[in-house]
Amino acid sequence: RVREVGGREGWTRSDRGRASQLSFDVDEAWTDRGVDVDRRAGVREVEVAEACKREEEGATYTAEAIEELKRGTFGDRRERARNETEAKKRTQHARDTRWVEEQEVEEGVLHQPRGAQRDRSERMERVEEENLPERVPLVRDDAREAEDGGSVEEDDMDWEAEDDFIHAQLAKAMGGFPRKPGVPEGVANPHVGPTRTPDGPTTMQDVQAEAKNAKNDLRKRIEAAKESKTNALQQLERSHSSMQAASSNAASCKERLERLSTKYTYLQSLKRYVQALCSCLGSKAPRIEEVLEEAKAAHRNRRDAEKDVQFTMQSAAIAAGEAAVSCMMQSLATGSSMESTADTCASVRREKLLSLVNPTDQDSFSWTLKSVYADLHDGPKGKELKEVNLRWENRLIDCHEARSTIFADADAVFSDVEAVSSRIADWKVQQEDSYFDAYMPLSLGKLFSPFVMLELIDWHPLGRTRQSPSFCSGTANEMAWVKSLSTFPIARGRADDTDGAIVQQLVLQVVVPFLHFLVEHCWDPSDLAENDALLLTVQELLVFDEDPPSETMHELLHAIFRRLYHTGENISVVCWPPMVLAHLAEEAELASTLYHNAVHFLQAVLKWREVLEHGALFALVMDNLILNKMVPHLRVSFASPHDCLKRLSSLVNILPENWLVGQHPATDSLREICESLQARMNMEQDGYEEDASACLQQLLSKFPG
């Protein structure tokens with residue numbers, strides 16, 4: 001290869017001679033390697049140690065190169081390195097020569113005489129010397145130095161360096177670094193850089209095939225890069241979505257944390273409020289119950305005082321009338337004069353009244369039976385009754401004042417039922433779960449019952465405000481607690497929400513027992529005003545009750561009927577003969593008053609038809625009142641047809657038409673009286689007005705058949 005390079009055109013004779021000398025040196029180097037194989041064997045261990053040292057220092061020796069050093073074939077690698085060095089030298093020399101010639105052409109020295117050409121040769125030698133690489137001493141082993149007497153000859157170093165130069169120049173000229181003989185494929189050259197493999201492209205088809213492969217590989221790499229980019233974008237999008245979701249989740253968590261913080265603060269505040277409210281009501285409830293019991297006692301004692309006076313005076317009036325009537329009948333039987341008999345009857349009446357009533361001021365005694373019986377407050381016992389009422393009215397006023405001072409030391413949020421119900425309702429609306437977790441639907445009755453009892457202290461459903469200005473007469477719907485709790489919110493879709501029945505619960509637990517007490521001890525069934533007020537209250541309370549009525553309401557209705565029955569039994573209707581009453585005006589007026597009072601009581605009883613049981617009420621009216629008391633009075637008064645017709649008409653007109661249908665002793669008796677009156681009027685046509693006849697015909701029309 002060196003000879004071929006040396007024969008290139010454009011070389012001078014001296015260049016060719018130098019190339020021949022280089023070729024001879026290369027041949028001699030190969031020959032010397034064959035002769036000195038044994039001499040270089042001793043260097044092997046040193047080279048292996050040096051290779052290991054370079055491996056530790058980061059040299060490019062591979063495991064195959066180290067194995068070659070151990071096998072002794074690493075010398076081939078060095079030979080190839082020398083050849084590459086020589087090739088590099090020759091290539092550099094050729095470049096230098098061309099550069100010098102170009103400079104000479106520019107300077108005009110190329111065709112000068114021989115002396116100038118000698119200068120040119122010297123200049124080239126100087127350029128070559130400047131471009132030659134630095135000579136590196138080769139490694140020698142101790143055995144070789146011992147044989148040579150401890151030193152290496154200078155010419156050995158020269159040919160090794162020139163071999164390296166030649167090999168380098170050849171590598172430059174060939175476009176690569178040829179692998180030294182004996183170095184296996186895949187093992188890096190220890191002295192030079194990467195080398196071209198022997199199976200590299202040598203023809204245009206190989207180059208095109210390799211270019212096509214490179215193009216395909218590049219296309220695959222581009223597609224892989226695109227796919228990687230797509231995956232990266234998708235991953236970026238997923239990361240962005242995940243980041244947005246995380247941000248949304250963080251915002252949601254923050255919002256939820258704020259809600260929980262607000263809820264916690266609200267519940268803590270509500271907890272403190274409920275604890276303070278329960279503590280306040282727990283300390284006030286006993287006082288409220290005590291004042292309510294005092295008010296109930298005042299109502300009861302006042303009614304007992306009125307009842308005693310009323311019973312005493314009515315009994316005295318009837319007894320005095322009975323005495324006067326008996327005296328008159330005896331006088332009529334003996335044929336005494338009417339004037340003396342009237343004076344005797346008046347004296348008997350006066351003595352009887354004095355013995356029964358025993359007034360404090362007997363000197364001013366001038367009573368009539370009507371004043372004794374009816375005018376309780378203006379009658380002989382009126383002063384005493386007023387004193388009794390005044391005493392118990394003062395007790396009720398004291399209860400009213402005590403009621404107003406119970407919550408005097410408490411804030412409005414604890415003492416006002418509207419404020420308390422609003423706070424509890426707000427809790428239910430805002431925190432429904434915690435409201436039911438605290439079992440509030442089961443506790444509302446006990447929580448609001450003190451407020452209900454507080455209003456009952458001043459409540460009188462019988463409407464007796466004439467002597468009791470401090471009373472709150474009215475129905476239960478007018479109470480503050482009913483108005484506040486009627487609008488209490490109701491949770492939808494919860495079966496355990498019983499707050500809608502809180503008013504009903506309080507009515508049955510607190511109001512109805514209080515009303516039951518008033519019915520038993522304070523109600524006068526014969527008083528139409530009290531009867532109407534109580535009836536209205538009971539009808540409104542029945543709205544809050546179930547159908548059929550609960551046990552509490554049933555007991556109240558039974559108490560009402562029991563009071564009506566006992567009052568009906570105590571009703572007095574006298575049956576004094578009309579011929580006697582014709583001479584005793586006061587007794588006649590008393591008899592008429594007693595009958596009309598019975599009719600008024602009957603009218604009061606009939607108002608309870610829609611509330612009380614029909615059978616029991618019918619028996620009370622038809623048997624106890626009409627048949628046993630009022631029919632005998634009508635039969636006796638038959639001697640005075642005008643009076644009998646008026647009293648019969650007042651009775652029949654208030655009875656329900658369906659009660660007059662059918663067979664009943666009371667109905668038959670009333671029909672019989674009507675027919676008797678009609679027969680008498682037909683016989684005695686003179687003295688009767690047309691209105692009386694029409695009235696009688698109307699009464700007869702109410703009795704079918």
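Residues numbered from 1 in each chain as written. Predicted model: local features only at pLDDT ≥ 70, side-chain atom pairs only at ≥ 80, totals over all residues. Heavy atoms only, no water.

Overview of the overall build of the protein chain
Step number 1: Per the secondary structure count, the protein chain includes 27 helices and zero strands.
Step number 2: Put simply, the protein chain has 705 residues, and 41% of those count as buried.
Step number 3: Sequence separation of at least 24 residues holds for 75% of the intrachain contacts in the protein chain that already meet a minimum separation of 6.
Step number 4: With the model as given, the accessible surface of the protein chain reaches about 39,000 Å², and the carbon-plus-sulfur share is 50%. (Helix = DSSP H or I, 4+ residues; strand = E, 2+ residues; numbered from the N terminus. Buried < 20%, exposed > 50% of the residue type's maximum accessible area, 1.4 Å probe, protein only. Contact = heavy atoms within 4.5 Å. Areas by Shrake-Rupley, 256 points an atom, 1.4 Å probe, with all protein chains shown as cover.)

Remarks on the side chain of Glu455
Step number 1: For Glu455, the location among the structural elements is in helix H17 (residues 444-456).
Step number 2: Arg403 provides the closest opposite charge to the buried, unpaired Glu455, separated from it by 5.5 Å.
Step number 3: Polar side-chain contacts of Glu455 include one of 3.1 Å to the backbone nitrogen of Ala480. (Lys, Arg positive; Asp, Glu negative; His and termini not counted. Salt bridge = Lys/Arg side-chain N within 4 Å of Asp/Glu carboxyl O. Polar contact = N/O pair within 3.5 Å; in protein donor to acceptor, adjacent residues only side chain to side chain.)

A closer look at the packing of helix H19 (residues 502-521) against helix H21 (residues 551-570)
The packing of two helices is summarised by the inter-axis angle and the distance between the axes.
Step number 1: Between H19 and H21, the least distance of the axes is 10 Å, while the angle of their chain directions is 10°. Between H19 and H21, the angle is such that the two are roughly parallel. Residues Leu508, Val512, Pro513, Leu515, His516, Val519, Glu520 and His521 of H19 pack against Thr552, Met553, Glu555, Leu556, Ala559, Ile560, Arg562 and Arg563 of H21.
Step number 2: Among the residues forming the contact of H19 with H21, the class breakdown is nine nonpolar, three polar and four charged. (Axes fitted to C-alpha atoms, helices over the stretch in contact; angles between N-to-C directions. Parallel < 35°, antiparallel > 145°, perpendicular 65-115°, else oblique. Nonpolar A, V, L, I, M, F, W, Y, C, P; charged D, E, K, R; others polar.)

Looking at the packing of aromatic side chains
Step number 1: Throughout the structure, instances matching the rule amount to nine aromatic pairs.
Step number 2: Ring geometry for Phe618 versus Trp659: centroids 5.0 Å apart, planes at 80°, classification edge-to-face. Here Phe618, found in helix H24 (residues 614-636), pairs with Trp659, found in the loop between helix H25 (641-652) and helix H26 (665-683); they are 41 residues apart in sequence, far enough to count as distant.
Step number 3: You can call Trp659 buried: its relative accessible area is 3%.
Step number 4: Of the aromatic side chains, those joined through ring pairs into one cluster are Phe407, Phe448 and Phe451. (Phe/Tyr/Trp six-rings, centres within 6.5 Å; stacked < 30°, edge-to-face > 60°.)

Details of the pattern of salt bridges
Proximity of charged atoms lets side chains of opposite charge pair with each other.
Step number 1: Inspection of every chain in the model, using the stated rule, returns 20 salt bridges.
Step number 2: Between Arg562 and Glu520 there is a salt bridge; the shortest N-O distance is 2.1 Å. Of this pair, Arg562 sits in helix H21 while Glu520 sits in helix H19, and the two are 42 residues apart along the sequence.
Step number 3: In this structure, the salt-bridge partner of Lys607 is Asp532, at a minimum N-O distance of 2.7 Å. Note that Lys607 is positioned in the loop between helix H23 (585-606) and H24 and Asp532 in helix H20 (residues 528-544), a separation of 75 residues in sequence.

Description of the side chain of Asp545
Step number 1: Mapped onto the fold, Asp545 is located in the loop between H20 and H21.
Step number 2: Buried charge without a partner: Asp545 forms no salt bridge, and the closest opposite charge is Arg562, 16 Å away.

Let's talk about the packing of helix H10 (residues 204-334) against H23
Step number 1: Packing of H10 against H23 brings their axes to within 10 Å, and their N-to-C directions diverge by 135°. Judged by the angle between their axes, H10 and H23 are oblique. For H10 against H23, the interelement crossing comes out left-handed. Where H10 abuts H23, its residues Ala317, Ile318, Ala320, Gly321, Ala324 and Val325 lie against Glu587, Leu590 and Leu594. (Left-handed = near helix turned anticlockwise from the far one by under 90°.)

A look at the nonpolar core
Soluble, globular proteins show a tendency: their nonpolar side chains are buried together.
Step number 1: One finds Trp481, Ile560, Trp608, Ile626 and Leu670 to be the most contacted residues of the largest nonpolar core, which totals 114 residues.
Step number 2: No other element matches H19, which puts 13 residues into this core.
Step number 3: Among all residues touching Ile560, those that are not within four sequence positions of it are Val519, Trp523, Val538, Trp608 and Leu612.
Step number 4: With 15 residues, the next largest nonpolar core counts Ile318, Trp576, Ala591 and Leu594 among its residues. (Core = buried A, V, L, I, M, F, W, Y, C linked by side-chain atoms within 4.5 Å.)

Description of H19
Step number 1: Its 20 residues place the ends of H19 28 Å apart at the C-alpha level, agreeing with the 28 Å of an ideal helix rising 1.5 Å per residue.
Step number 2: The principal kink in H19, of about 40°, is found at Leu508.
Step number 3: Of all 20 residues in H19, 14 are buried; the element is thus mostly enclosed. (Expected span 1.5 Å × (residues − 1). Bend = angle between axes of the 7 residues up to and from the residue.)

Some thoughts on the state of the cysteines
Step number 1: Applying the stated criterion to the full structure yields zero disulfides.
Step number 2: Here Cys674 stays free of any disulfide, with the sulfur of Cys644 as its closest cysteine sulfur at 8.3 Å.
Step number 3: Relative accessible area serves as the criterion here: at 0%, Cys674 is assigned to the buried category. (Disulfide = S-S within 2.5 Å.)

Some words on unusual backbone geometry
Step number 1: In this structure, Tyr439 takes a positive phi of about 55° despite not being glycine.
Step number 2: As for its placement among the helices and strands, Tyr439 is situated in the loop between helix H16 (432-437) and H17.

Topic: the confidence of the model for the protein chain
Step number 1: The pLDDT averaged across the protein chain works out to 76; a share of 68% of its residues lies at or above 70.
Step number 2: A low-confidence stretch, residues 132-156 (pLDDT under 50), is modelled with 30 contacts involving residues beyond four sequence positions or located in other chains.
Step number 3: Low pLDDT (under 50) marks residues 173-181, which in the prediction has 37 contacts with non-local residues, meaning those over four places away or in another chain. (pLDDT = per-residue confidence, 0-100.)

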